[in-house]
Amino acid sequence: MKSRYLTALAAALACSLASAQSGPTLYGVADLSLESVKAEGATVPSNDISSRTRLNANSSLLGVRGKVAMDNGVTLLYQFETYIDLGNNEVGSSNTPIINNGQTTKVSGLNGPGTGTVFGARRDTFLGLTGNWGTLKAGYLSTPFRATTASFDLAPGATGVATSYNVFGKATDSNTFFFRAPEVEYTTPTWEGLYGTVAYLLNSAKSADGNVDPYGWAASVNYKIEAFRIAFVHTDLKDVGFGGAVSESNKSDAGFVSYTFPTNTTLTGMFQQYRGTITTGTPTASLDKDIKQKSFFLGIKQVCGRHEIYAVYASAPDREGSYLPTQDSGATQVSLRYACNMFKNTQAYAVYSRISNDTNVAYNFDVGGIGNASSGAKVALGSDPTSIGIGLRYSF
């Protein structure tokens, strides 16, 4: 009897609080490019990856979102989003067909390392509440660094081989700050173009004995007035990063600036300073090693009617510290993209991107990496990933 009363009371409260609903709204992006890719010039020439053609799905996605307004001035938010695998290649993975040992292949060998289903990696998915006090979200979310970098990126959807975060925003070629994680996030209301975000990355991966406790926090400040934008992001991660160590402390400070001129010319600049302490060995016989890495990004985009073109340059100079080799450990990226907006929400484009690695690093494209790590073939030290292609992008 008591449970019946409680159920009725909960239903009554729900009916009284919920006054208006917007959605659910179905949305998505289909972005597919045909590319010729290679990674040649390796420190060990036999590790080169020769030229080949592929399909790159460029973070195509499908999502559902909506909101429910409450009588108390609070609005409930929800979003569910997933990657759509248009080319059986998996987002962000080494998505060329399997690189074999020189022998002929079965028909199945033409496939990339996809999951066999159209649905791939999950994307930002959350529940939240918003009001005049700000917005609170919980779920699988882009960190403030990832969200801010993507918002300043000149590539539509911040995806493809010409994005900013191939070289920029990484703690060496194997460790990036551009990721999503289970987190709780609060964003302030916007005041005169100024707002901030604070996020806590949950420590659900804590070891049973408590010695390894992966978690982190991040904060960002953004200011926008008309055509001018500026932002700063601090990230602090504990026992998250390279992996395989006794403990880690990884920190990043990043600044962003963008301005759009009346000529529809946009200039964007980004800078990141990473510093880390990696404890190696065993808990009883450990050794602290440090590492530092700077990275830069400069981009220009020009829009002329239906046409747009952008060019970017990114650089990660030689790293510093005792954790990894420092000599010849830098990389640069040069990218060029032209697009024609054919009609509403549809864009045809051509793209070129090249990463030039020094002999002791192997930076790769973040979305559309060359090689196939699952079969043991991947971009080798010193090789230069290169891609040229054409594509079509549709959003709804």
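To keep things clear, this report deals only with the structure shown in the data block.

Cut-off values and rules
Residues numbered from 1 in each chain as written. Predicted model: local features only at pLDDT ≥ 70, side-chain atom pairs only at ≥ 80, totals over all residues. Heavy atoms only, no water. Helix = DSSP H or I, 4+ residues; strand = E, 2+ residues; numbered from the N terminus. Buried < 20%, exposed > 50% of the residue type's maximum accessible area, 1.4 Å probe, protein only. Contact = heavy atoms within 4.5 Å. Areas by Shrake-Rupley, 256 points an atom, 1.4 Å probe, with all protein chains shown as cover. Core = buried A, V, L, I, M, F, W, Y, C linked by side-chain atoms within 4.5 Å. Patch = residues over 30% accessible without salt bridge, like charges linked within 9 Å, V, L, I, M, F, W, Y side chains within 5 Å. Salt bridge = Lys/Arg side-chain N within 4 Å of Asp/Glu carboxyl O. Lys, Arg positive; Asp, Glu negative; His and termini not counted. Charge placed at Lys NZ, Arg CZ, Asp CG, Glu CD.

Now for the overall build of the chain. If you tally the helices and strands in the chain, you get two helices and 21 strands. Each of the 396 residues in the chain was classed as buried or not, and the buried ones make up 43%. Sequence separation of 24 or more characterises 61% of the internal contacts of the chain that already satisfy a separation of 6 or more. Just so you have it, the chain exposes about 19200 Å², and 61% of that area is on carbon and sulfur atoms.

So, on to the nonpolar core. Formed by 46 residues in total, the largest nonpolar core has its most connected members in Phe145, Phe256, Tyr274, Tyr363 and Ile370. Here the element with the most residues in this core is strand E15 (residues 307-316); it accounts for four residues. When neighbours within four sequence positions are excluded, phenylalanine 256 is seen to be in contact with Phe145, Thr148, Thr149, Phe152, Phe168, Arg229, Ile230, Ala231, Val233, Gly269 and Met270.

What follows covers a negative patch on the surface. Taken together, the side chains of Asp290, Asp318, Glu320 and Asp328 present a region of like negative charge at the surface. Secondary-structure assignment places aspartate 318 in the loop between E15 and strand E16 (320-321). Taking the relative accessible area as the measure of exposure, aspartate 318 reaches 39% and is therefore partly exposed.

So, about the environment of alanine 57. By the secondary structure assignment, alanine 57 is in the loop between strand E2 (49-56) and strand E3 (61-70). Note: C-alpha distance between alanine 57 and valine 367 (310 residues apart in sequence) is 8.8 Å.

The next thing to look at is a nonpolar patch on the surface. Taken together, the side chains of Leu129, Trp133, Leu136, Val184, Tyr186, Tyr200, Leu202 and Trp217 define a hydrophobic patch exposed on the protein surface, amounting to about 670 Å² of accessible area. Counting through the fold element by element, tryptophan 217 comes out in strand E10 (residues 215-225). On the accessibility criterion, tryptophan 217 (38% relative accessible area) is partly exposed.

For glutamate 226, which is not glycine, the phi dihedral falls at a positive 55 degrees. Locating glutamate 226 in the fold gives a position in the loop between E10 and strand E11 (228-238). With a relative accessible area of 74%, glutamate 226 lands in the exposed category. The phi dihedral of aspartate 328 is positive, around 55 degrees, even though this residue is not glycine. Along the chain, aspartate 328 falls in the loop between E16 and strand E17 (331-343).

Function cannot be inferred from these measures alone, as they are strictly geometric.
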